[in-house]
Each structure stands twice: as C-alpha cells, then as structure tokens.
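Residue-level listing of the chains:
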Amino acid sequence: MEETTEEKKSLNFIEQIIENDLAEGKNEKRIHTRFPPEPNGYLHIGHAKSIVLNFGLATKYAGKCNLRFDDTNPETEDEEYVNAIRNDVKWLGFQWDAEFNASDYFQKIYDYAVQLIKLDKAFVCELSAEQMREYHGTAVTPGKDSPYKNRSIEENLDLFDRMRKGEFPDGKYLLRAKIDMASPNMHFRDPALYRIRKKHHYRTGDQWNVYPMYDFAHGLSDAIEGITHSICTLEFEVHRPLYEWINNTLQTPTRPQQIEMSRLNLTYTVMSKRKLMQLVNEKHVSGWDDPRMPTVSGLRRRGYTAQAIREFCERVGISKRENLIDVSLLEFSIREDLNKKAPRVMGVLHPLKVVITNYPEGQVEELEAVNNPEDESAGKRMVPFSREIYIEQDDFLEVPAKKWFRLAPGAEVRLRYAYFVTCQEIIKDAAGKIVELRCTYDPASRGGNSPDGRKVKGTIHWVSASEGIGAQVRLYDRLFTHETPDKGEVDFKELINPNSLEVITAIVEPSLKLAQAGVSFQFERMGYFCVDKDSTPTQLVFNRTVTLKDAWAKIAEKI
RNA sequence: AGUCCCAUGGUGUAAUGGUAGCACUGCACAUUUUGGUUGUGUAUGUCUAGGUUCGAGUCCUGGUGGGACUACCA
C-alpha cells in the first residue's frame, strides 16, 4: 500500500470505505463480499457489473466472495436459473469461495424469528393484506398499530409455531417486527418478516410452510456468512436501517455493512428481469440467450468475450449517481478485445458477381493472406482466387460519389491480397439492376502491389465464386428504437425495433468450413462475427457481434 | 406531500481545501494492402444563490433539478 514510486490510483467510493475499514482494523481486517442473485431469471450485464465489483474487491483486498442464491420466494425460483447463474459467473472468469443458499439458513432464520418474538420485538398479525395497507399509512401520514400487536409472547410463539406446522392457509397470519408505525421510513412500520406460503421450494421441498421476507433473510444470511461489505443497489438504501436493526437487535455474531451503489443502465435496451422475462415469454426474442438480449448468455452468444464484458464493467465505474451508459462503450470494449484476438477472414455479405475477363478460365491459384495484422503469431493462410469472384454490392458505385475510392466504371482498386482490377463493363438485368461486373486485372500486381509503383486508394474484399461457401448470417441491430424504452409513456414493447434481426445468406472464404461454434472472426472491413450454435456441418450460421467502425458511412452521410 | 439519496464536458468517471484529469463519443490531421488498427491534435464541464477560507468542484445554508420509498417480491 505504501508505494511511493507508483502513482496512487484513484479509488471508487466503495474501495475508499474498505480501505478506511482496513486502516481502522474493522472486522479483524477481513474483507468478505457476496454476489446474491435470486434464481428467478438469467443474469444480465447489470449483474455482471455487480459480479466484477464483488469478486474484484475480494481479489484486490485478499478477501473472499461467496455466491449465494437468495431463494426465499418459492413461487418464482427454479433450479434452471441456478445452473444458468453458476455457468455465467464462471464464464465471466470468477470462482466463488463458497456457495450458499438463503434456504440453507431457513432453520437458523426461523430460530432468530423465535428469538425476536421472545424479545418482544415481533408479533403475529392477522390483518388482511388490504387492512394492512390501510394501517400502514402513507409517506405523509403515520400508520397505526395493528390491533394484534399486543398479543402475549406466549401466544405469538404458539401461533408462529403453528404457522410453521402448516395449520393455517396462506395469508392468514403474518409475522411482523415491532418497530414504529409512525416512522417516516416506511420500512420501519412493523415490517413483515415471515409469511405463510404453502409452496414447493426447489431445494427444501415441502419442508417449510413459512418463508422469510428479503429484509429478514438477507441481513441474517450476510451475518451468518461473516460478510463484511454487503453491496446492493440504490433502491435498498431505505432498507438499510432495517438491515441494521435486525442484526443489532438479534446481536448476530458479525455486523455486515450494507453499501448501496447505482445500477447500470444501458441505452437502447431494458434491464429489469421482469421486462426481459416478458420479451422471452411473449416471443419478442428467441430466448434468454437471444443475441439481442443484454443478458450474459445473450452477449456470449452474440460473440462478446468475458474479457470485454469485464473491461466494460471496469470502465463504467462505481458511484451513487443515476446513470445511462451509451452502448457505444460496450461496443468499444468488444471491438478492442476482438481486434487483438480475432482472425481475419473474407466474407461477402451482399454479393455482386465480378468476372475477370483476362484471367484464364478454369484457373485457381492460392494467395497468401495475413491472419491478424495485430498478431504476427496468428500466421498466414492461403485463399483461392479465380476468374469469377464476388465482391460487396456496396463496394461498387456506377456514378462514384465524392471521395469514393472503391470500384466504379473505369476505376482501379486492389482486391485484398490479390490483384489490381479495373472495372470495364456493367451488366444489368431487364429491371436495370446491376447483376454483374466485367473487370480486367493486372497480372503484375499479384499479392496487391504493382511493380511500377502505381497506387490505388481502395482495397476491397472478395471471395472466389467457385470455392466460396454459403453461410447464413444474422445481422443484429439494437433491440429498441428508443434510448430509454422503459422511461417513456408508451409501453416499452411498442418501441421494439422491427429490424433488430436481418437474416442473409453470405459467401465466405473456404477456410471457414470447419469453424466451431462460439469462435469469432473478423470479416475484413465488415465487422466481427461468431459461429452460432445453430451451425451444422452443412450449414454455417454466423452472428454479427458488432460492425467495424465505418468511416465511409460517416463521409457518405455528409455528402 | 413526508423521509432519504444524488448533482463535474454529449456519456460515464476522477480530483479527499491548492493546476478540473481519464475513457467513450464527436471533429480534424497523419499512418495504413481493412475508409479497420495506431498516433497526434481539437471541441465541449464543476446546477444555482449566498456563506466560511489566502484559496471551494470539494465544507456550510437556502433554492432548483433528478431518483428511491408507500408489496405477505427481491
């Protein structure tokens, strides 16, 4: 810590709290965090931020980080989600020190509830949900005590025991803390601690008829595990006094500190589990792992790397301010990573046939291409060239625009790693659509340079017509047309981008034939693409992860 | 409306009373067999009014703006 030579790196506010605690010798200088998802949905990029923070803090301060499933609500939770969550955390590159479930502590939490009753700090309430609302008061008006608040401790004990045994139907009784119905903090107005719920729990089965509420279970779980810093999002700020009240009143062995930070918001998407669930259930997307989803599994299928997601999470920072992160930062993170790692390859998305009239018919030659200019160790490969090739439709303009240096009538361009070609003739169909180009090539420019020193401004990609292979390519765009689809007055589903997915058939170079699912490539000049799990030995399927930055598109916009 | 939280370029995030910095984005130039990458430059900022201080983005007070809370969800 006393590096005098190194520049002091700035700390986020949570690191500052931790370093202060360490300096004061709090918690025997132990740092123990946890990532506590409820297993009722898939993890999204917002969870990734929390994961990177919690596990990162543990690593940075030589502490520990637990994975804890917050499974106190048997109605919504399921094993399917547990497995997906474990898988996502591991994929992101983290290993938890211990795995727990809130349900591991059901007996302990129950015992704490009994203790609370004995301390005369909790009572069994008989008010209906509707009556509860009435007694609860509002933000401006105080609530009033439940008529059942003064039951004897013995009666409360008996009732709570019978609640547990299943003697009463759901909703009949509720265990509540005795705090203060006039508190300006609504969460202090005799909050619910335990409710009757005769539901099968995916872990504890039918063992329990009562389940603890979040507020009661969370702080106790943290205390039981010896968590020192319990990080959550801003909306739990008003719960903190209750969190502390519970652990202090029950004199738990450790007193974890709850710290709140702002959640991550991303432009052009939604981040709440409820809304993501809706997109899945109503089939607006193909599933939780649809490549348009902001879920960890969706991003992974889209071609995002764990490294890029971690970098992104570091870059967005930690604070208590409401924020809206521009997706371009996410896109920057994946481009940065894939630029270093992804092998280059040529693929034509929207093919236009080109016949090189002075190239010998039937001849095929292999030309050397660099796999990754950013990484010499990636080596080289051979790509076949022949008389008939495909180029990108967008790389030809019959009437060239200003600053256009791709192919045009009479213009000369370089075919990447191949030859200089000059467009001699345009062939159109009856409707006037350009269907083919006739070009001539300069045999002396093999490899892409002319011995006479002649320069061309444009270099375009191509695929040999006879050797190229067809592939399905899924082009993804943002899922919503609005920056903040869930902040406006219209329903967020009305803002779904109807063109968020375009499926095309592209022609790619033959080296891709055996490409494995999950592997990423850069299609030169087009973007990063990864092989989708839907690929079969006879049908390649690619997902476009992200386009390359497109300087020409910007120039074209201005013309 | 009450209580609590927050306020720094277009977007995020630093500066712990002492030169407002970094990243993304935008723009410009250079380099380039990817209009990619890389490099260089540039534009834009402390919500407001007072106060404390030699000195305030930072501390204090008021205002304004935004957010959270009012579930037998988490």
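This is a predicted model, so every value here is computed, not measured.

### Remarks on the overall build of chain A
Helix and strand content of chain A: 13 helices and 25 strands. The C-alpha atoms of chain A give a radius of gyration of 31 Å, which is well past the 24 Å a tight globule of 559 residues would have. Each principal axis of the C-alpha atoms in chain A carries an extent, and together these give about 100 × 60 × 45 Å. Counted over contacts in chain A with a minimum sequence separation of 6, partners at least 24 positions apart contribute 71%.

### Focus on helix α8 (residues 240-249)
Residues L242, Y243, W245, I246 and N247 constitute the buried set of α8. Its buried side turned inward, α8 meets α4 (106-118), β5 (174-177), α7 (214-225), β8 (229-233) and β9 (257-261). Phi for Q251, located one or two positions after α8, is positive at around 50°.

### Observations regarding the protein's contact with RNA strand B
RNA strand B sits among 69 residues. The nearest are S319, R321, R344, G447 and K554. When atoms of RNA strand B within 4 Å of the protein are split into backbone and base, the sugar-phosphate part holds 66%. Residue T72 places a side-chain N or O atom 2.8 Å away from a phosphate oxygen belonging to RNA strand B. Contact between RNA strand B and R197: a phosphate oxygen at 3.0 Å from a side-chain N or O atom of the residue. When contributions to the surface near RNA strand B are tallied by element, the ones reaching two or more residues are α5 (129-136), β6 (192-196), α11 (306-316), α12 (327-341) and α13 (551-558). Ranked by residue count, the leading element in the surface near RNA strand B is α13, at five residues. A breakdown of the residues in the surface near RNA strand B according to their chemical character gives 28 nonpolar, 19 polar and 22 charged.

### Quick notes on the side chain of D70
In this structure, D70 sits in the loop between β2 (64-69) and α3 (79-91). Discounting chain neighbours no more than four positions away, the residues touching D70 are P36, P37, E38, P39, E77, A102, Y214 and H218.

### Remarks on the packing of α4 against helix α6 (residues 153-165)
Remark: α4 packs on α6, axes separated minimally by 9 Å, with the N-to-C direction vectors making an angle of 160°. Relative to α6, the element α4 is oriented roughly antiparallel. Crossing angle aside, the handedness with which α4 passes α6 is right-handed. Only I153, N156, L157, F160, D161 and R164 of α6 make contact with α4, whose side of the interface consists of Q107, Y110, A113, V114, I117 and K118. When grouped by side-chain class, the residues that make up the contact of α4 with α6 number seven nonpolar, two polar and three charged.

### Concerning the pairing of strand β24 (residues 527-531)
Extensive coverage of β24 is indicated by the burial of five of its five residues. Here β24 shows two buried faces, one formed by G527, F529 and V531 and the other by Y528 and C530. Here four bridges tie strand β23 (residues 520-523) to β24, and the two strands are oriented antiparallel to one another. Across the sheet, the residue bridging to S520 is C530, located in β24. Connecting β23 to the antiparallel partner β24 that follows it, the hairpin turn spans three residues, and R525 within it adopts a positive phi of roughly 70°. Alignment of β24 against strand β25 (residues 540-547), held across five bridges, turns out to be antiparallel. Note on β25: the bridge partner recorded for V531 is F542.

### Details of the packing of helix α1 (residues 13-24) against helix α2 (residues 45-60)
Relative orientation of the contacting elements α1 and α2 amounts to 35°, with a least axis distance of 12 Å. As for how α1 packs across α2, the hand of that crossing is right-handed. Here I14, E15 and I18 of α1 lie close against α2, whose contacting residues are L53, L57 and K60. Looking at the contact of α1 with α2 residue by residue, the classes come out as four nonpolar, no polar and two charged.

### A look at the nonpolar core
Across soluble globular proteins, nonpolar side chains show a tendency to be buried alongside one another. By size, the foremost hydrophobic cluster in this structure holds 39 residues, and its most contacted members are I45, I51, F55, V89, L266, I309 and F312. For this core, the elements supplying multiple residues, two or more each, are α2, β2, α3, α10 (296-302), α11 and α12. With six residues, the single largest contributor to this core is α2. The contacts of F55, once residues within four sequence positions are left out, are F35, C65, V89, F94, Q95 and W96. Of all hydrophobic cores here, the second largest spans 32 residues; its members include A113, V124, M163 and F188.

### Observations concerning the domain arrangement of chain A
The domain architecture assigned to chain A consists of domain 1 (12-261), domain 2 (267-343 + 471-558) and domain 3 (347-461). Averaged C-alpha coordinates put domain 2 and domain 3 at centres separated by 29 Å. With 22 residues of domain 2 at the contact, the number on the domain 3 side is 25 residues. Together, the buried faces of domain 2 and domain 3 total about 1,800 Å²; carbon and sulfur atoms form 56% of this surface. Counting the surface domain 2 buries against domain 3, the share from its top three residues, E524, R525 and W552, is 35%. Across the salt bridge formed by D395 and R525, the nearest N and O atoms sit 2.2 Å from each other. Listed by contribution, the elements that provide at least two residues to the side of domain 2 that touches domain 3 are α12, β22 (501-508) and α13. Take the side of domain 2 that touches domain 3: its biggest share by element is six residues, from β22. When its residues are assigned to classes, the side of domain 2 that touches domain 3 shows 13 nonpolar, three polar and six charged.

What counts, and at which threshold
Residues numbered from 1 in each chain as written. Chains lettered and ligands numbered in written order. Predicted model: local features only at pLDDT ≥ 70, side-chain atom pairs only at ≥ 80, totals over all residues. Heavy atoms only, no water. Helix = DSSP H or I, 4+ residues; strand = E, 2+ residues; numbered from the N terminus. Rg over C-alpha atoms; globule rule 2.2 N^0.38 Å. Contact = heavy atoms within 4.5 Å. Buried < 20%, exposed > 50% of the residue type's maximum accessible area, 1.4 Å probe, protein only. Near = heavy atom within 4 Å. Polar contact = N/O pair within 3.5 Å; in protein donor to acceptor, adjacent residues only side chain to side chain. Nonpolar A, V, L, I, M, F, W, Y, C, P; charged D, E, K, R; others polar. Axes fitted to C-alpha atoms, helices over the stretch in contact; angles between N-to-C directions. Parallel < 35°, antiparallel > 145°, perpendicular 65-115°, else oblique. Left-handed = near helix turned anticlockwise from the far one by under 90°. Pairing = 2+ DSSP bridges. Core = buried A, V, L, I, M, F, W, Y, C linked by side-chain atoms within 4.5 Å. Domains from an automatic or database assignment. Buried area = accessible area lost by both parts, 1.4 Å probe. Salt bridge = Lys/Arg side-chain N within 4 Å of Asp/Glu carboxyl O.

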